[in-house]
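# Secondary and tertiary structure notes
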Protein chains: 2
Amino acid sequence: MEPSELEPRAAESLLSDELVEAWPALSGDERLEGFRLLTPVEAEDLYLGLEARDQVSLLLALPSGERQIWIRQLPPDDAADVLQEAPGEERARLLDLIDPDTRREVTALLAYAEDEAGGLMSPRYARLRPEMRVDEAISYLRRQARQRLETIYYIYVLDAEQHLLGVVSFRELFAAPPDKTVRDVMRTDVVSVPDDMDQEAVSDLIAQHDLMAVPVVDAEGRIKGIVTIDDIVDVVREEATEDIQKIGGTAALDAPYLQVSILEMVRKRVGWLAVLFVGSLLTATVISSFEDQIARAVVLALFIPLIISSGGNTGSQATTLVIRALAIGEVRPRDWLLVFWREVQAGLALGAILGLIGFARVTLFPPSETGTSTELIAAVVAVSLVGIVLWGSLVGAMLPFVLRRLGFDPASASAPFVATLVDVTGLVIYFSVATLFLRGTLL
Amino acid sequence: MEPSELEPRAAESLLSDELVEAWPALSGDERLEGFRLLTPVEAEDLYLGLEARDQVSLLLALPSGERQIWIRQLPPDDAADVLQEAPGEERARLLDLIDPDTRREVTALLAYAEDEAGGLMSPRYARLRPEMRVDEAISYLRRQARQRLETIYYIYVLDAEQHLLGVVSFRELFAAPPDKTVRDVMRTDVVSVPDDMDQEAVSDLIAQHDLMAVPVVDAEGRIKGIVTIDDIVDVVREEATEDIQKIGGTAALDAPYLQVSILEMVRKRVGWLAVLFVGSLLTATVISSFEDQIARAVVLALFIPLIISSGGNTGSQATTLVIRALAIGEVRPRDWLLVFWREVQAGLALGAILGLIGFARVTLFPPSETGTSTELIAAVVAVSLVGIVLWGSLVGAMLPFVLRRLGFDPASASAPFVATLVDVTGLVIYFSVATLFLRGTLL
């Protein structure tokens, strides 16, 4: 590398990189202060790379003259995202700062929900007529390229009513003989999406077909905009974050961890915790119905947490694996029986291994006063473990399918939810095995 | 939409779409059978859209004549992925089927690990010399575009020794005055990555700078290839899947759920389960040291699962939130104190809410024989809950930081791991509170 060419940027951007890295943890004032220290190019880079939420807070921190300059930097789809994130009373004022042409585009985009194709798309795509010659098309595109198009990687071929007729990649057009028409070189098997398609489905489609962009069409087949792959990277991340948070047993935070107020955080977390807690109350009911057995054989109480947490852990594993496999299409809803059968085998194997460890623990380090033979207690623990681990695997693996069938998000089968469910039923298994084995000796 | 233009594809591709959807659940024979039914265009689409793992199994199922045709369809980076997935004994044979030029490129790529920049990159990028005029550059690119380049969206400007001097987007070049030189229009502040950079870091960089591709350079600043954003979509998905599986308490499966053998599945799951199980054995030890208290107040046993699962659930929530926030850079390692303080507040609030519910449960539906005042038992439960929920939040939130500090993946602080850790310590809290409150009455 010729140091003279590239070093200036490396030196300059140290501050910029640090600022980007620290951004989530900075207060509004600190952000503004850091932003002011950047060169114009760095400031633009940083600003354009921010999430819509952060762009809003920066914009609102700026005096109104600068606010206009910066909001006009945004392409219409990003401007629409910014307006959607802005507090209600600021929205109209920000919209007024945008130039009239873009404002019209932004207003059209605002009609769509954030998480559907229409909410992701940009109206600035490259377009051609089918009857144009290739060389005409290239010079026409050359003029279009001076506008701020989202991409010229794909060019869409439209009739006079904006119906999508075909697509040609810039590379294909560029490599084609100059005297052919666009219709000759375009492909008509265009993968397109309806404007109300969910963003997760759009992202699956783009990934599956290895596309750089996909056109969005209305019910009449008229093109409304395009969704580009760089938007999809954000979607994939967002959806994974939501799933992870749900698997962990919280409602999706919808904002960075450090930017959620404590009150909001408690609200997002307490819902599931309270539901699970009420569910857990059943464990006390179950145990109290076996209170006599415990009073006669306190040794049984020793292994309660061990037994139920083994069921809970296996259940967490199974549910997490199945939720993710469903989310990325590795498993389809109709594969439930296949999954069931796999989990029967895996659950039995895992249960047998844990059962053996449990049996060894009880026989090698027997509890002080069992009141009966150590081997009998060890057998109760081992057999219960096999049953509970199998049960945990099956409940964990099947619950996402059941939830999906009932119209809920499979990711709601969170690890804590499955663990709690298995806790309650696991106790019944444990005490039933104990009653069966210890009848006549302790119980 | 003019139906005549687009309908043929819709009808034809029904089979193709179904096949793609069913792919993960099909056996090798069924896949081959379905593949044979497709039109050549559909077959190519399906094949190119498959994951490397699935491309390998399809290739190996084909007779060797066809195998050669299909492996030559792949650009060098994808061919390298296929070879990496192929069983050892087939690798050399598949490599021999590739044409000599591509084979050289593939061999160079095979030197890199799959999950670093070098393993993701393609050597087929568009390149220009700085002294070329814009119009010369465009017609030179026109010739390059006939080869199979990964993208002509970005064009890299190199000196004679392949040192990266700058970058120009095709759109910029296209819109520039024809008589300027490439040096005049190129940007020199190129974001590039070293060839051994981890794929997660590459994907963060691309997302942060909103790039469509990033050049990969060696230690001397010579360009080796480019990583394009469509590879990044796969990386983001893969990394999220790995994190989700770890959070659920399994080792990363590294393959689709339905394609992992039962034996492999058990192996990936039993490790953590066994560790957690051995950890759980401590619960029995803890309880046995409080055996006297339980024998005297069996009522205490009733609430063991309730208490410990509340701690486990809060811990799962906190650890999941923090792991994800760290993974996507919303929280940095140095923010641990900030997170600690937030979790103290959230944990106390959550604990108070659950404590209240617990107190209500015990006083409204008192256990049959408490042997002491119901209120006293209710107070033990409520106070223990506040302590355990707070403790669970803090352990869950801090463990990812600790693991990261020790050089482990923060995602190893899986929900089941935190739950088990909190189980053991939660019991100590519970019995200590009980001993304190019930001294003189029951204990």
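Residues numbered from 1 in each chain as written. Chains lettered and ligands numbered in written order. Predicted model: local features only at pLDDT ≥ 70, side-chain atom pairs only at ≥ 80, totals over all residues.

## Thoughts on unusual backbone geometry
Non-glycine residue A:Asp254 carries a positive phi angle of around 60°. Its place among the elements puts A:Asp254 in the loop between helix H14 (229–247) and helix H15 (262–289). A positive phi is found at B:Gln162, a non-glycine position, where the angle reads about 70°. Within the secondary structure layout, B:Gln162 lies in the loop between strand E2 (154–158) and strand E3 (164–169). (Helix = DSSP H or I, 4+ residues; strand = E, 2+ residues; numbered from the N terminus.)

## A closer look at the nonpolar core
In terms of nonpolar packing, the biggest core is built from 237 residues, with A:Ile155 and B:Ile155 touching the most fellow members. If you look at the next biggest cluster of nonpolar residues, it comprises 16 residues, including A:Phe35, A:Val56, A:Ala86 and A:Tyr112. (Core = buried A, V, L, I, M, F, W, Y, C linked by C-beta atoms within 7 Å. Buried ≥ 20, exposed ≤ 12 C-beta atoms within 10 Å, placed from the backbone.)

## Focus: the sheet that holds strand E3 (residues 164–169) of chain A
Within a sheet, adjacent strands bond to each other through the backbone by hydrogen bonds, running parallel or antiparallel. Residue and element names in this part refer to chain A. The sheet built from three strands is open, its strands ordered E1-E2-E3 with mixed pairing. Edge strands, defined here as strands with exactly one partner in the open sheet, are strand E1 (125–128) and E3. Taken over all neighbouring pairs, the strand axes of this sheet differ in orientation by 35° on average, direction set aside. Bridge count for strand E2 (residues 151–158) against E3 is five bridges, and the pairing is antiparallel. The partner of Ile155 across the bridge, within E3, is Val168. Sheet contacts for helix H10 (residues 134–144): E1 and E2; angle to E1, the most-contacted strand, approximately 150°. (Pairing = 2+ DSSP bridges. Axes fitted to C-alpha atoms, helices over the stretch in contact; angles between N-to-C directions. Contact = placed C-beta atoms within 7 Å.)

## Considering the sheet that holds strand E5 (residues 213–217) of chain B
Residues and elements named next belong to chain B. Spatial strand order, E4-E5-E6: three strands in an open sheet with mixed pairing. Each edge of the sheet is formed by a strand with only one pairing partner; in this case those strands are strand E4 (193–194) and strand E6 (223–228). Two strands pair when backbone bridges link them, and E4 and E5 are joined in this way by two bridges, in the parallel orientation. Looking at E5, one finds that Val193 is bridged to Val216.

## Here's the deal with the domain arrangement of chain A
Examined at the domain level, chain A breaks down into domain 1 (3–114), domain 2 (120–230) and domain 3 (257–438). On a C-alpha basis, the centres of domain 2 of chain A and domain 3 of chain A stand 52 Å from each other. (Domains from an automatic or database assignment.)

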